[in-house]
Amino acid sequence: MALRPVQVNIKALDGLAVGRFWAEALGWSVFRPGVTTYVGPVGGFVWPDPVAVCIDVVPVPEPKTATKNRVHLDLATTSAAHQAELVARFQALGATPAHVGQGDVPWTVLADPEGNEFCVLEPREIYRDTGPIAAVVVDCADPRVMARFWDEAMDWTLYEVTDDHAVLRSAKGVGPYLEFLRTPDVKTVPDRVHLDLLPYPGDDKAAEAARLRALGATDLDLGQGDVPWTCLADPEGHEFCVLAPS
């Protein structure tokens, strides 16, 4: 048994507007299978996408309050000119410069129209074949603890783990990376952005949730009520959901 990340869940006051921003930013399409706004590669609605980790924007009544999200997206570029072009295009779409203590770095930190931070990276060889999303990045206190949990939780391959960061990617070598970075920040509020995981066909969601609890996950009550997905938190309290196969 194993799980795969299928989408990044973003909470927003105006889910459709934020979904449209991300679709334009990534060159993807907006789909609305329900009350959420799903953003995925062009070519028609496919769920789960066989390669990409897509975006699902969920409307909520509360605005963002945290000064910095603990989960964000890094976007890939192919050249310095491409990086500059994307930064300008994102700002024209409504992104704003964000200051999260990054200092003098070669990447550009922006925020989407509701303040969710993301990075437009300088060209890096490692991300040449990821698609527009280079990595889903998670701030954490101990990357080694995160690596142990998430390596067992998913069927992705653990590429690297040190005291400062851990890196995973699909065993097929496609799509974005999942990266855990050591940061001094302390988690104090629920994450505005989180991962949604999906069992493979034939696997049992309840059994998968029980397996994750045995690995150190804990049940999470966000007021979700009676829903077909299971809300959990990893050993450092990052929320995530195990979805029900459609």
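Structure's up top.
Residues numbered from 1 in each chain as written. Predicted model: local features only at pLDDT ≥ 70, side-chain atom pairs only at ≥ 80, totals over all residues. Heavy atoms only, no water.

The next point concerns the layout of surface pockets. Estimated volume of the largest pocket: approximately 1,200 Å³. Around the largest pocket sit 43 residues that line it, and Asn9, Lys11, Val58, His194 and Cys241 are the ones nearest its centre. If you list the elements that add at least two residues to the lining of the largest pocket, you get strand E1 (3-12), strand E4 (54-59), strand E13 (193-199) and strand E16 (239-242). Tallied by class, the residues present in the lining of the largest pocket amount to 20 nonpolar, 11 polar and 12 charged. Considering the residues around the second largest pocket, the lining is formed by 21 residues, among which Lys68, His72, Trp107, Cys119 and Leu181 are closest to the centre. Among the elements of the structure, strand E5 (71-75), strand E8 (117-120), strand E9 (133-140) and strand E12 (177-182) are those that each provide at least two residues to the lining of the second largest pocket. By residue number, the principal contributor to the lining of the second largest pocket is E12, which donates three residues. (1 Å grid on protein atoms, 1.4 Å probe; cavity = no way out; pocket = protein on both sides within 12 Å on 5 of 7 lines; lining within 4 Å. Points joined across faces, edges and corners; volume = space filled by probe spheres on them. Helix = DSSP H or I, 4+ residues; strand = E, 2+ residues; numbered from the N terminus. Nonpolar A, V, L, I, M, F, W, Y, C, P; charged D, E, K, R; others polar.)

Here we come to the pairing of E9. In terms of residue burial, E9 counts as a mostly covered element, since eight of its eight residues are buried. As defined by bridge partners, E5 adjoins E9 across five bridges and the pair is classed as antiparallel. From the neighbouring strand, Leu73 faces E9, where its bridge partner is Val136. Of the strand pairs in this sheet, E9 and E12 are connected by six bridges, and their pairing is parallel. Bridge pairing links Ala135 to Tyr177 in E12. (Buried < 20%, exposed > 50% of the residue type's maximum accessible area, 1.4 Å probe, protein only. Pairing = 2+ DSSP bridges.)

Counting 53 residues, the largest nonpolar core has Trp22 and Phe118 as its most contacted members. The element contributing the most residues to this core is helix H1 (residues 15-26), with six residues. Phe118 has contacts with Phe21, Trp22, His72, Leu73, Leu75, Phe90, Ala95, Thr108, Val109, Leu110, Ala111 and Asp112, leaving out every residue within four places of it along the chain. The next biggest cluster of nonpolar side chains, apart from the first, holds 12 residues, and it includes Ala111, Leu121, Tyr127 and Val167. (Core = buried A, V, L, I, M, F, W, Y, C linked by side-chain atoms within 4.5 Å. Contact = heavy atoms within 4.5 Å.)

The next thing to look at is empty space enclosed by the protein. Counted according to the given criterion, the structure contains two cavities of 30 Å³ or more. By volume, the largest cavity amounts to about 80 Å³. As for the largest cavity, its lining consists of Val71, Val138, Trp150, Phe180, Asp191, Val193, His194, Leu195, Asp234, His238, Glu239 and Phe240. The element best represented in the lining of the largest cavity is E13, accounting for three residues. Along the lines of polarity and charge, the residues of the lining of the largest cavity split into seven nonpolar, two polar and three charged. Of the volumes computed, that of the second largest cavity is approximately 50 Å³.

This part takes up the sheet that holds strand E10 (residues 157-161). Read across the sheet, eight strands follow the order E6-E7-E8-E5-E9-E12-E11-E10 without closing on themselves; strand pairing throughout is mixed. Where the open sheet ends on each side, the last strands, each with one partner, are strand E6 (96-97) and E10. Bridging between E5 and E8 involves three bridges; their strand directions are parallel. Following the sheet pairing, Leu75 is matched in E8 by Val120.

Of the positions making up helix H4 (residues 205-215), those classed as buried are Lys205, Glu208, Ala209, Arg211 and Leu212. Burial along H4 is one-sided: seen end-on, the buried residues are contained in an arc of 160°. Facing away from the buried side of H4 by more than 90 degrees, the exposed set consists of Ala206 and Ala214. Among the structural elements, E1, helix H3 (143-153), E13, strand E15 (230-233) and E16 are those in contact with the buried residues of H4. Capping of H4 at its N-terminal end is provided by Asp204; its side-chain oxygen lies 3.2 Å from the backbone amide nitrogen of Ala206. (Arc of directions from axis to C-beta. Polar contact = N/O pair within 3.5 Å; in protein donor to acceptor, adjacent residues only side chain to side chain.)

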